[in-house]
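A structural walkthrough
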Amino acid sequence: MDYTRGELIHEGKAKRVFAVNGQEDLIWLEFKDDLTAFNAEKTGSFEGKGQVNLAITENLFAEFKRYHIPTHWVSKVSATELVVRKLEMIPLEVVVRNILAGSTAKKFDLKEGTELEQSIVELFYKSDELGDPFMNEDQALMLKAVDSKTELEQIKQMALDVNDILVQTFLKADIRLVDFKIELGKNSKGQILLADEVTPDSCRLWDKSSQKKLDKDRFRRDLGSVKESYEEVLARLTSDKKSEATV
Ligand code: ADP
Ligand code: UDP
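Let me begin by describing the structure that accompanies this report. (Residues numbered from 1 in each chain as written. Chains lettered and ligands numbered in written order. Predicted model: local features only at pLDDT ≥ 70, side-chain atom pairs only at ≥ 80, totals over all residues. Heavy atoms only, no water.)

1. Remarks on the pattern of salt bridges
Counting across every chain of the model gives 33 salt bridges. A salt bridge links Asp-179 to Arg-204; its shortest N-O distance comes to 2.8 Å. Here Asp-179, found in strand S12 (residues 175-182), pairs with Arg-204, found in strand S15 (residues 203-207); they are 25 residues apart in sequence, far enough to count as distant. As far as the burial class goes, Asp-179 and Arg-204 line up, both buried. One network of salt bridges, in which partners are shared, links Arg-97, Glu-112, Glu-122, Asp-179, Arg-204, Lys-213, Asp-217, Arg-220 and Arg-221. (Salt bridge = Lys/Arg side-chain N within 4 Å of Asp/Glu carboxyl O. Helix = DSSP H or I, 4+ residues; strand = E, 2+ residues; numbered from the N terminus. Buried < 20%, exposed > 50% of the residue type's maximum accessible area, 1.4 Å probe, protein only.)

Have a look at this one:
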């Protein structure tokens, strides 16, 4: 199937969103080379970032498909462009944590790197104006970010299922999945699908032996080698696949 790009609908921080000509139920995502942090207060970019992030997303969404997680993926149309199902996005950033880092470690003055006995799910309200504030489940219902408690449970379960797949996939690449954020949306039948991307922008990834950070924290904290780290994640994910295929 050939798709043609329509008008620009939305310019986000990391992607541009376009219509797909003649296909009301689809949209076209272009992965940009831009990087932002701290609600876009810090900005940067590196050449090839869009391409490496789409390639990582492609690999991980192939795993989700293998494990029957419903996603928005339709077709990759170039190295930086992707056609997906247009969803009514749920205005939540759903974060899963396996190891403490970032805002939660800071808030409770706990040591970054503390391994959690049980993975936890946190909800943030997706709003650039408000700076994506943390919200609890009752608040998610109050703001009608979700329709019901059942839907909330479904979202949390999906996030934990995605976590199980990602933990295993990254472990095979000698990477510890510290935490990550996903976004979900609903199709016209009301079914919840995994949307957006899963990349080093949206995950914290540490090398299994050295604990070296291989994700956006290198940019947030000015640690250098941002491009090299993203490329390293992709190389490890794909070399792992190659070695599996030859077994
Ligand atoms: P942001 O808008 O947060 O800066 P991006 O630059 O990644 O983020 O822009 C992509 C936008 O597309 C986001 O608003 C995201 O919620 C939205 N999006 C991702 N997948 C879908 C989808 N399948 N249907 C509709 N919108 C989507
Ligand atoms: N995250 C994200 N987008 C956001 C906020 C968080 O992708 O707008 C990811 C982040 O990269 C990390 C996880 O979600 O992998 C948890 O982030 P945390 O709440 O600790 O954010 P922090 O305030 O530390 O940046």
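From this point, the discussion proceeds with the structure in view.
2. Section: the sheet that holds strand S11 (residues 134-135)
Spatial strand order, S11-S10-S9-S12-S15: five strands in an open sheet with antiparallel pairing. Each end of this open sheet is capped by a strand with a single partner; those strands are S11 and S15. As paired elements, S12 and S15 share five bridges and run antiparallel to each other. Following the sheet pairing, Arg-176 is matched in S15 by Trp-206. Strands in contact with helix H4 (residues 149-172) are strand S9 (92-99), strand S10 (115-125), S12 and S15; relative to S12, the strand with the most contacts, it is inclined by about 150°. (Pairing = 2+ DSSP bridges. Contact = heavy atoms within 4.5 Å. Axes fitted to C-alpha atoms, helices over the stretch in contact; angles between N-to-C directions.)

3. Digging into the site of ligand 2
Around ligand 2, a shell composed of 16 residues is seen, among which Glu-93, Ser-103, Asp-179, Arg-204 and Arg-220 lie nearest. A distance of 2.8 Å separates an oxygen atom of ligand 2 from a polar atom in the side chain of Arg-204. At 2.9 Å from an oxygen atom of ligand 2 is found a side-chain nitrogen or oxygen belonging to Arg-220. Summarising the interface, the protein chains cover 78% of the accessible area of ligand 2, which totals 520 Å² for the free molecule. Of all the secondary structure elements, the ones that give two or more residues to the shell around ligand 2 are S9, helix H2 (102-107), S12 and S15. Considered class by class, the residues forming the shell around ligand 2 number five nonpolar, three polar and eight charged. (Near = heavy atom within 4 Å. Polar contact = N/O pair within 3.5 Å; in protein donor to acceptor, adjacent residues only side chain to side chain. Areas by Shrake-Rupley, 256 points an atom, 1.4 Å probe, with all protein chains shown as cover. Nonpolar A, V, L, I, M, F, W, Y, C, P; charged D, E, K, R; others polar.)

4. A word on H4
Taking 1.5 Å as the rise per residue, H4 with 24 residues should run 34 Å; its terminal C-alpha atoms sit 35 Å apart, in good agreement. For H4, the complete set of buried residues consists of Glu-151, Leu-152, Ile-155, Met-158, Ala-159, Val-162, Asn-163, Ile-165, Leu-166, Thr-169 and Phe-170. Where H4 ends, the next residue or the one after it, Asp-174, has phi of about 60°, a positive value. (Expected span 1.5 Å × (residues − 1).)

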